[in-house]
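# An overview of the molecular structure
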Amino acid sequence: MKLAIMQPYFFPYIGYYQLVNSVDQFIFYDDVNFIKRGWINRTNIITREARQLLSVSLSQSSQNKRINEIKLKGQPEKILRTIEFTYKKAPYFDDVFPLVQSCILSDYEVVSEFAANTIRSVSEYLGIKTDFSFSSEFHRSTAGYEKARRLIDICRKENADVYINSIGGQAIYTKEEFEQEGIDLYFLKTKKISYDQNPIRKEGFEANLSMIDVLMFNGRDQVNKLLEEYELI
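Residues numbered from 1 in each chain as written. Predicted model: local features only at pLDDT ≥ 70, side-chain atom pairs only at ≥ 80, totals over all residues. Heavy atoms only, no water.

## Comments concerning the overall build of the chain
Each helix and strand counted, the chain has 9 helices and 10 strands in total. A compact globule built from 233 residues should have a C-alpha radius of gyration of about 17 Å, and the chain, at 18 Å, falls within 12% of that. Dimensions of the chain along its principal axes, counting C-alpha atoms only, are 50 × 40 × 30 Å. The 233 residues of the chain split such that 52% are buried. In the chain, the proportion of contacts linking residues at least 24 apart, taken out of those at least 6 apart, comes to 67%. By element, 42% of the accessible surface of the chain is carried by carbon and sulfur atoms, the whole surface being about 11,700 Å². The average position of the 30 basic charges and that of the 32 acidic charges among the side chains of the chain differ by 7 Å. (Helix = DSSP H or I, 4+ residues; strand = E, 2+ residues; numbered from the N terminus. Rg over C-alpha atoms; globule rule 2.2 N^0.38 Å. Buried < 20%, exposed > 50% of the residue type's maximum accessible area, 1.4 Å probe, protein only. Contact = heavy atoms within 4.5 Å. Areas by Shrake-Rupley, 256 points an atom, 1.4 Å probe, with all protein chains shown as cover. Lys, Arg positive; Asp, Glu negative; His and termini not counted. Charge placed at Lys NZ, Arg CZ, Asp CG, Glu CD.)

Encoded structure:
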């Protein structure tokens, strides 16, 4: 069984969804410390000249708190208006905007659940069959756990023999420490991806934006093809 574990991000880039699509089970790592200026409550969209950062306002956010302890600060309607204004001429706006609107106007109060819902909703839209859960539900954090040790423990409890991490995990984890526990560790590297961003961006391509951007310019079938544009190393 293939497993991946990641913090929940707000409409993350396509590489995150490639990770979701590559495994049987995906666990949202919601009971670890919040990272300021990370992607839990932020994402990038396109503009005519450059990318634009969207940030969901949070109440008393702190890196000393766990992700599932931090609440949203009001409803982010301003973000929704920005997305609508930016992408209203995109070819798949009518299909995608209701999905984005439903996520942003959801009743979730905690940022971990709010962000995770953007990932689950897009996955459902694309027909991804991966099972989702939260680490706080079944694998509560234990003080003193070394990072890799906790991931290995979760893999063993879930009977996973393959653990797939994002490419950034190469700086943190080694294949040897997982192999000692009978688990194969792989890192997912997204291949070079591009698509037509006209009429918003008429020249050049802006990469690694929110999945919102990918969906606005590509139909379901094309997005599912892009989800396969990666390699495991």
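Anyway, onward from the coordinates.
## Considerations on helix H4 (residues 111–126)
Helix length check: H4 (16 residues) gives 23 Å between terminal C-alpha atoms against 22 Å at 1.5 Å per residue, within 8%. With 13 of its 16 residues buried, H4 lies for the most part within the structure. Of the residues one or two after H4, glycine 127 is the one with positive phi, at around 80 degrees. (Expected span 1.5 Å × (residues − 1).)

## Re the pairing of strand S1 (residues 2–6)
On any regular strand, side chains alternate: one points to one face of the sheet, the next to the other face. The element S1 is extensively covered by neighbouring structure, given that 4 of its 5 residues are classed as buried. Note that S1 and strand S8 (residues 162–166) share 2 bridges and pair parallel. Counterpart to lysine 2 in the pairing with S8 is valine 162. Examined bridge by bridge, S1 and strand S2 (residues 25–28) share 4 bridges and lie parallel to one another. For isoleucine 5, the partnering residue across the bridge sits in S2 and is isoleucine 27. Handedness of the S1-helix H1 (residues 14–21)-S2 crossover: right-handed. (Pairing = 2+ DSSP bridges. Right-handed = clockwise from strand over helix to strand, strands pointing away.)

## What about the pairing of S2?
Alternating residues of S2 divide into Gln25 and Ile27 and Phe26 and Phe28, and every residue in both groups is buried. In this structure, S2 lies alongside strand S7 (residues 131–134), joined through 4 bridges in parallel fashion. Considered in S7, the bridge of isoleucine 27 is made with serine 133.

## Here we look at a positive patch on the surface
Together, Arg48, Lys88, Lys89 and Lys202 make up a region of like positive charge exposed at the surface. Tracing the backbone through its elements, the reader meets lysine 89 in the loop between helix H2 (77–87) and helix H3 (93–104). (Patch = residues over 30% accessible without salt bridge, like charges linked within 9 Å, V, L, I, M, F, W, Y side chains within 5 Å. Salt bridge = Lys/Arg side-chain N within 4 Å of Asp/Glu carboxyl O.)

## Details of the environment of glutamate 179
Within the secondary structure layout, glutamate 179 lies in helix H7 (residues 175–179). Along the primary structure glutamate 179 and aspartate 161 are separated by 18 residues, whereas in three dimensions their C-alpha atoms are 9.5 Å apart.

## What about the pattern of salt bridges?
Under the defined criterion, the tally for this structure stands at 6 salt bridges. Here arginine 150 and aspartate 31 are joined by a salt bridge, their closest N and O atoms 2.9 Å apart. With arginine 150 in helix H6 (residues 147–157) and aspartate 31 in the loop between S2 and strand S3 (42–46), this pair connects stretches of sequence that are 119 residues apart. Classification of aspartate 31 as buried rests on a relative accessible area of 4%. The network of salt bridges with common partners includes Arg51, Arg201 and Glu206.

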